[in-house]
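# Coordinate inspection notes
Chain by chain, the residues:
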Amino acid sequence: MNWWQRLWRKREQERRLEQELCFHFESQIADNIRAGMSEDEARRRARLEFGALESVKEDCREARGTVWLDSTWQDLRFSLRTLRKTPAFTLAAVFTLALGIGANTAIFNVTNAILLRSLPVPDPQQIVSLKVEPAQPDGAGNTGDSETSFSELVFERLRTRHDAFSAVIAHVPLGFNKISVRHGEVPEEVSGEMTSGNLFSGLGVRMACGRPFTLEDEYNHAAVTVLSYAYLERSFAGNCPGALGQTLHIKGFPFTIVGVAARGFFGLVGSTDLWIPLQRRPEFNAWGSSNDSYYADVNWWCLPLMARLAPGISAERAVVMVTPAFQRAAYEPLGGKPHPDEKPRTLALVPMRGIPGGQGQAKILTVLMAMVGLILVIACGNIAMLLVARNTARQREFSIRLAIGGSRFRLFRQLLTDSLLITGAGAALGWLLSLVAKRALVAWAGIDFDVTPDATVLLFTIGIAILAGVVFGLAPLIAAVRVPIGLALKSSAANLSQSRGRLRAGRFIVALQVSMCLMLVAASGLLVGTLRNLEHINLGFRTSGLVVFGINPQLVAHSNAEASVFYQALLDKLRALPGVESVTLMGNRIGSGWSNNTTAIVDGKNAVASGPNASTGMRWNDVGPDFFTTLGVPILRGRDLNGRDSDAAPKVAIVNETFAKRFLAGRDPLGHSVSFNPAKPYTIVGVVANNKYTGVREHDTPMAYFPYTQTDASGVKHIEMRVAGDPVRVLPVVRKTVAGFSPDMALLQPMTQQAQFDETISDERLVARLSICFGALAVLLVATGLYGTLAYNVSRRTSEIGVRMALGARRFDVLWMILREGLLVCLIGIAVGLPLTLLSSGLLESLLFGLAPRDPFTTSLAIVGVILVSAAAGLVPASRAASVQPTVALREE
Amino acid sequence: MDAPRTDLPQGTLDLLILHVAALGPVHGYAIAQRIQQVSRAALQVQQGSLYPALHRLENKGSLAAEWKETETGREAKFYRLTAKGRRQLKDETEGWHRLAEAVGLILQLSEGDSV
């Protein structure tokens, strides 16, 4: 018989077992009678000799070997039945666990996507990204990504090294931001990458339909493109074969769609909408730059590279193999060898994990993981207390089972089954919750990469569920199984000593929970305080009424002069629109994080900084006429830039207060000169108040502003408009005006200036919001736990309270008695939690702004909050105790 | 009063059951009776051990079972030895003899004998 047959025929087997033993029993009686006993005596002797029938049966079942299966099935059904009989308990336990597991899964899912996940391609362990250490050779041009970018020459040399790599792939964004693409009337913004022809073949990415582009397409610089599946769904209604052959105008140039990458491949840099082969046109330079093409400038390190290692070659081995070739290619354009005091640059191969730059988020993710971890522990505490309470209520049942011959092991297993069922249901529900939370996170955090949970996340969930099951399941089990058999026969009063132990354990758990809750609430207070500080910071100008968008002039202007003319015309048209108060433009959009940084040159010499430890660096931006008037930045001395500061006019600049104080202390800045190139001085004609350039968190830095006409007018510029009323409402008419210059010209990332600055603190906002959620969840769980413990205590002491009141205790005394107990537990928790809080808050330091990690105000607020919550949780059972009617209470016993 | 009883040494119950079953199909009660009678009531088999042992041997494949009518016309579960059980019986019988002989030899040493 198979095990399942045995399971199936269980009833039949049971009948047969009964029959076999009965036969023995009755044969014995018959023999006893034959030996001369009376029937009663015969039966009595037989029964004595036989022993406990049920225990013999149980031993027989066990001897059959499949008993574990039979009994597991039995346990399962029994557990389901008993859990169904106590729905409140079951729901509370499952839901508490689901909250804990769901929060952990959701945060881990994001952590996994950002830091851990490998690319969804075959043999992802072979995929590495290339790094140059410590940075590009001295004298080479770079893009700011100095560790991860290479010259075209290095790429060409490395890609021939088939002994080390099966493929070397170059991939570079088409712009610093999104680019404009059109396949109908209205251009849209997409993120595009230009890659070597082996992107798809080298990685092993399949096509959903069509074909990938190839090395041949790369060598011909073919005007073909492959879309991501997400982009297909967004812009082509997911019609895979339908999109093939269509023409896509990328930056105004027609490209034919030849393929769509398989669903689930989001590219190498988070989320890419389309890929094209490497191009030679100046419009398709790396990062959309207006420099010489990366083909022409062999000394410009602008291409991010990745590779698939050749089979059987480790990353270390590959580095050794190709380093000589790498160094030759690196220094060839620089005279063949490194600068005398320069350490030759070396190559490093790093496994591709998570998203590029994801390591920068590691800190935030660690903090969030720690927070949800604490929540899970608190939740486990509650479930443990629920289970203990439930097992206490079932002690009579347990002792009866033990008395009629059930084994303690069997009882243990039964309770384990209960825990496992709760854990399983909690984990399943938690998984569902995490999917909901994922959506919320994507919306809140503006996540633009794939966060579909993968097998790692599922394993994580199962792992923490098992861990949680062990944490909350085991302790109460052991306690329950220690039930004395005699308990069944005793009266309820005998339970007291048992429940006192349980009460102590309960208080201990709640105190621990309070301490963890304090840590969470304090952390959440610090993070919220940080956000408030950032939100109320003075940016140095009025953001209300400002709207900003980018324009790429390459579609209509091919030189500095043409671009100047174009922008002049555009600004004039925009100024004439109804409701527009003033219009200007800038090279780096303020609040976007981008900035130009250089050593300040004042009056033709490197600047001398006054004040200790002050750096001689400055930031600069190229801006349009009326820049400061439009923003509303106070002009302290001199004038604003205006339309007369053209390319042909004398070179002028405006500096900020910090610049004047640091580099021209005690002198009148007007008339001095500033520059980033000693040969090209700009006369300072104005001083403005400090205002934020890169983002909200920026500290005051020396700033110089140059007219865009006198630096470089040809690149992408960001137009800033001040309008009356809701600034976004002007965009449709602006779009129409811009389309008048070229139908392919899109407004790049149009948004209010306020929104742009808000983006720079979006991480802080997200963390603050999440920490509020986590803090609230922790408070809720702890309040429930405390409430449960006190309520149980009140019900246990009802008769005692009755006696006290009958003897003259006032209601207030009783109320205070219970409340005091809760507060005592809370204070113990705070005593334990405070040092932990102070220790752990150091972890937050780098995330905070404007307050110290041990900010006394926030910490005290957290303590007061926790005490208030404890008091509130205690008040309900306390007032119930106070309303006990002595006569009723005494009658109950 | 009954004759003095001896507890079965560990592991010998299986051997006795196999031995009795080797004589022909037999039900549990008869096995208990046979052991008791043949040992002149010196060995008493507890039902609490007998039936689990029978089920274990059946599960191992040393015994096969079949429901048949007894001479009194009642249905009973009859056990018989399988080929595997026969091998086990042979091995265990030899083992037992070796053990008994060895123990016997040691017990023959009188106190004064030097080893």
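Parameters and conventions
- Residues numbered from 1 in each chain as written.
- Chains lettered and ligands numbered in written order.
- Predicted model: local features only at pLDDT ≥ 70, side-chain atom pairs only at ≥ 80, totals over all residues.
- Helix = DSSP H or I, 4+ residues; strand = E, 2+ residues; numbered from the N terminus.
- Rg over C-alpha atoms; globule rule 2.2 N^0.38 Å.
- Buried ≥ 20, exposed ≤ 12 C-beta atoms within 10 Å, placed from the backbone.
- Contact = placed C-beta atoms within 7 Å.
- Nonpolar A, V, L, I, M, F, W, Y, C, P; charged D, E, K, R; others polar.
- Axes fitted to C-alpha atoms, helices over the stretch in contact; angles between N-to-C directions.
- Parallel < 35°, antiparallel > 145°, perpendicular 65-115°, else oblique.
- Left-handed = near helix turned anticlockwise from the far one by under 90°.
- Pairing = 2+ DSSP bridges.
- pLDDT = per-residue confidence, 0-100.
- Domains from an automatic or database assignment.
- Core = buried A, V, L, I, M, F, W, Y, C linked by C-beta atoms within 7 Å.

### Examining the overall build of chain A
- Per the secondary structure count, chain A includes 27 helices and 26 strands.
- Against the compact-globule benchmark of 29 Å for 893 residues, chain A has a radius of gyration of 37 Å, which places it well outside the compact range.
- Along the first, second and third principal axes, the C-alpha atoms of chain A reach 135 × 75 × 60 Å.
- Counting the 893 residues in chain A, one finds 42% classified as buried.
- Nonlocal contacts in chain A, meaning residues at least 24 apart in sequence, comprise 82% of its contacts between residues at least 6 apart.

### Here's the deal with the overall build of chain B
- A count of helical and extended segments in chain B gives four helices and three strands.
- Out of the 115 residues belonging to chain B, those deemed buried represent 25%.
- Residue pairs in contact within chain B that sit at least 24 positions apart in sequence constitute 52% of those at least 6 positions apart.

### Here we look at the interface of chain A and chain B
- Taken together, the contact pairs 14 residues of chain A with 13 residues of chain B.
- For the side of chain A that touches chain B, the secondary-structure elements that each account for two or more residues are helix H2 (10–34) and helix H4 (53–63) of chain A.
- Split by residue class, the side of chain A that touches chain B holds six nonpolar, five polar and three charged.

### Re the packing of helix H25 (residues 811–840) of chain A against helix H26 (residues 856–882) of chain A
All names here are of chain A.
- H26 packs onto H25 with a crossing angle of 150° between their chain directions and a minimal axis gap of 8 Å. Classed by the angle they form, the pair H25 and H26 counts as roughly antiparallel. Two packed elements cross with a definite hand, and for H25 against H26 that hand is right-handed.
- Residues that form the contact of H25 with H26 fall into these classes: 17 nonpolar, six polar and one charged.

### Topic: the sheet that holds strand S2 (residues 63–69) of chain B
Residue and element names in this part refer to chain B.
- One open sheet accounts for three strands, arranged S1-S3-S2; its pairing is antiparallel. Where the open sheet ends on each side, the last strands, each with one partner, are strand S1 (26–27) and S2.
- Here seven bridges tie S2 to strand S3 (residues 75–81), and the two strands are oriented antiparallel to one another. When the sheet's bridge partners are listed, glutamate 69 is paired in S3 with glutamate 75.

### A few points about the confidence of the model for chain A
- On average, residues of chain A score 86 in pLDDT, and 94% of them reach the 70 mark or higher.
- Below a pLDDT of 50 lies the segment residues 493–497 of chain A, which in the model reaches zero contacts outside its immediate sequence neighbourhood of four places, other chains included.

### Notes on the domain arrangement of chain A
- Here chain A is partitioned into domain 1 (3–65), domain 2 (68–117 + 359–490), domain 3 (124–352), domain 4 (496–538 + 758–893) and domain 5 (553–744).
- Distance between the C-alpha centres of domain 3 of chain A and domain 4 of chain A: 55 Å.

### Regarding the environment of Leu520(A)
- Secondary-structure assignment places Leu520(A) in helix H17 (residues 496–535).
- Linking Leu520(A) and Thr837(A), residues 317 residues apart in sequence, is a C-alpha distance of 8.2 Å.

### What about the nonpolar core?
Residues and elements named next belong to chain A.
- Ile375, Val514, Cys517, Leu520 and Ala778 are the most contacted members of the largest nonpolar core, which totals 92 residues.
- The dominant element in this core, judged by the number of residues it contributes, is H17, at 17 residues.
- Beyond its immediate stretch of four places on either side in the chain, leucine 520 contacts Met371, Leu374, Phe774, Gly775 and Ala778.
- Val154, Ile169, Val190 and Val260 belong to the second largest nonpolar core, which has 68 residues in total.

### Remarks on the pairing of strand S12 (residues 303–309) of chain A
Residue and element names in this part refer to chain A.
- Here S12 lies mainly inside the structure; seven of its seven residues are buried.
- The alternating pattern of S12 places Leu303, Leu305, Ala307 and Leu309 and Pro304, Met306 and Arg308 on opposite faces, both of which are buried.
- Taken together, the three bridges between strand S1 (residues 127–133) and S12 define a ladder with antiparallel strand orientation. The residue bridging serine 129 from the neighbouring strand is methionine 306, located in S12.
- With two bridges joining them, strand S2 (residues 149–150) and S12 adopt antiparallel strand pairing.

### Regarding unusual backbone geometry
Residue and element names in this part refer to chain A.
- The backbone of alanine 237 shows a phi angle near 55°, a positive value even though the residue is not glycine.
- With 9 C-beta atoms counted inside 10 Å, the residue alanine 237 sits in the exposed group.
- The phi angle at lysine 251 is positive, at roughly 50°, despite the residue not being glycine.

### Some remarks on the environment of Pro52(B)
- By the element assignment, Pro52(B) lies in helix H3 (residues 47–60).
- Of the residues examined, Pro52(B) has 20 C-beta atoms within 10 Å and is grouped as buried.
- Ignoring sequence-local partners within four residues, the contact set of Pro52(B) consists of Asp59(A), Cys60(A) and Ala63(A).

### Some remarks on the pairing of strand S10 (residues 253–261) of chain A
Residue and element names in this part refer to chain A.
- With three bridges connecting them, strand S7 (residues 207–210) and S10 associate as antiparallel partners. The residue of S10 that forms the bridge with cysteine 209 is valine 260.
- Bridge count for strand S8 (residues 224–227) against S10 is four bridges, and the pairing is parallel. Paired with threonine 225 across the bridge in S10 is isoleucine 257.
- Across four bridges, the pairing between strand S9 (residues 247–250) and S10 is antiparallel. Counted as the bridge partner of leucine 248 is phenylalanine 255 from S10.
- In this antiparallel pair of consecutive strands, S9 and S10, the connection spans two residues, and lysine 251 shows a positive phi of 50°.

### Digging into the environment of Ser149(A)
Residues and elements named next belong to chain A.
- Within the secondary structure, serine 149 is located in strand S2.
- With 316 residues separating them in the primary sequence, serine 149 and alanine 465 have C-alpha atoms 43 Å apart.
- Here serine 149 is in contact with Asn142, Thr143, Trp301, Cys302, Leu303 and Pro304, once residues within four sequence places are set aside.

### Side note on the confidence of the model for chain B
- Summarising the model, chain B shows a mean pLDDT of 82, and 86% of its residues fall at 70 or more.
- Complex prediction metrics read pTM 0.73 and ipTM 0.84.

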